[in-house]
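# Reading the structure
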Amino acid sequence: AFITGSQRPLVLPPATQDLISETHILGSTTLIEQTLNRLSGAQLTKASESVLRGTSGATSTTAAEPARAPDSAELLAEAVYDVTQSLTVTIEPGSNIISITMVHKDPSYAVAFLDAHLEGYFVYRDNLTRDNVQVDFLTKRVDDLQNELEDANTQRRQMLEGALAIDPTAEADLNWQTIRDELSRK
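A brief report on the enclosed structure follows. What you are looking at is a predicted structure, and each value in this text was computed from that prediction instead of being measured. (Residues numbered from 1 in each chain as written. Predicted model: local features only at pLDDT ≥ 70, side-chain atom pairs only at ≥ 80, totals over all residues. Heavy atoms only, no water.)

Here we come to the overall build of the protein chain. Helix and strand counts for the protein chain come out as 7 helices and 2 strands. Counted from the first residue to the last, the protein chain has its helices and strands arranged as α-α-α-α-β-β-α-α-α. When each of the 186 residues of the protein chain is scored for burial, the buried share is 22%. Summarising the internal contacts of the protein chain: among those between residues at least 6 apart in sequence, 61% fall at separations of at least 24. Of the accessible surface of the protein chain, which amounts to about 13,600 Å², a share of 58% is contributed by carbon and sulfur atoms. (Helix = DSSP H or I, 4+ residues; strand = E, 2+ residues; numbered from the N terminus. Buried < 20%, exposed > 50% of the residue type's maximum accessible area, 1.4 Å probe, protein only. Contact = heavy atoms within 4.5 Å. Areas by Shrake-Rupley, 256 points an atom, 1.4 Å probe, with all protein chains shown as cover.)

Moving on to the pairing of strand β2 (residues 98-102). Sheet topology places strand β1 (residues 87-91) next to β2; 5 bridges connect them, and they run antiparallel. Across the sheet, residue Thr90 finds its bridge partner in β2, namely Ser99. Remark: 6 residues form the turn of the hairpin made by β1 and β2, two consecutive strands paired antiparallel; Gly94 in that turn has positive phi of roughly 75°. (Pairing = 2+ DSSP bridges.)

Closest axis-to-axis distance for the helix α2 (residues 29-40)/helix α5 (residues 107-130) pair is 9 Å, and the angle between their directions is 115°. The chirality of how α2 crosses α5 is right-handed. In contact with Leu31, Ile32, Thr35, Leu36, Arg38 and Leu39 of α2, α5 contributes Tyr109, Ala112, Phe113, Ala116, His117, Gly120 and Tyr121. Taken together, the residues of the contact of α2 with α5 break down into 9 nonpolar, 3 polar and 1 charged. (Axes fitted to C-alpha atoms, helices over the stretch in contact; angles between N-to-C directions. Left-handed = near helix turned anticlockwise from the far one by under 90°. Nonpolar A, V, L, I, M, F, W, Y, C, P; charged D, E, K, R; others polar.)

The subject of this paragraph is the nonpolar core. In this structure, Ile32, Leu36, Val83, Leu87, Met102 and Phe113 are the most contacted members of the largest nonpolar core, which totals 18 residues. Ignoring sequence-local partners within four residues, the contact set of Phe113 consists of Ile32, Thr35, Leu36, Leu39, Val83, Leu87 and Met102. (Core = buried A, V, L, I, M, F, W, Y, C linked by side-chain atoms within 4.5 Å.)

Looking at the element boundaries, Thr23 is found in helix α1 (residues 16-26). Among residues more than four places away in sequence, those in contact with Thr23 are Val89, Thr90, Ile91 and Ile98.

Purely geometric numbers; function is a separate question.
What follows is the structure, given as structure tokens:
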């Protein structure tokens, strides 16, 4: 099948503000924290923390033993900080391409983190476009505003009819006709 130019959908490049917004999302501590949680399971352990930070696993706890609750939050916060320091998200100059790089002493970990991070990002973006809560809210708001406008117009018409006033548009037309008549008479 041959596709002519008029049959292809028009795709506009993203605006610079949109690209900047996406870089902020990709570098956000919230998304980084979600990625770290996904990589290390639901509970961050001291062993997984040592992998995240690239430190030796010589700790007093075993790999299967979860960290205590206060330590877990602190370890996660430290891991998030370390990742934010090693993660770079930039817009390639003169393009609409976003580059993401990560420097880590274990390249395989950096690749695994970036894969998981991008997967989480795409899930986030998919949820934004699939989530109809915002669309439903805006649609309902538009309907409500249209109903309010109709009610206001109905009240205005009732007030004009109640005051036995003539239609303002007809009154303006009558005034213009009077002006034209006077000008032609002169």
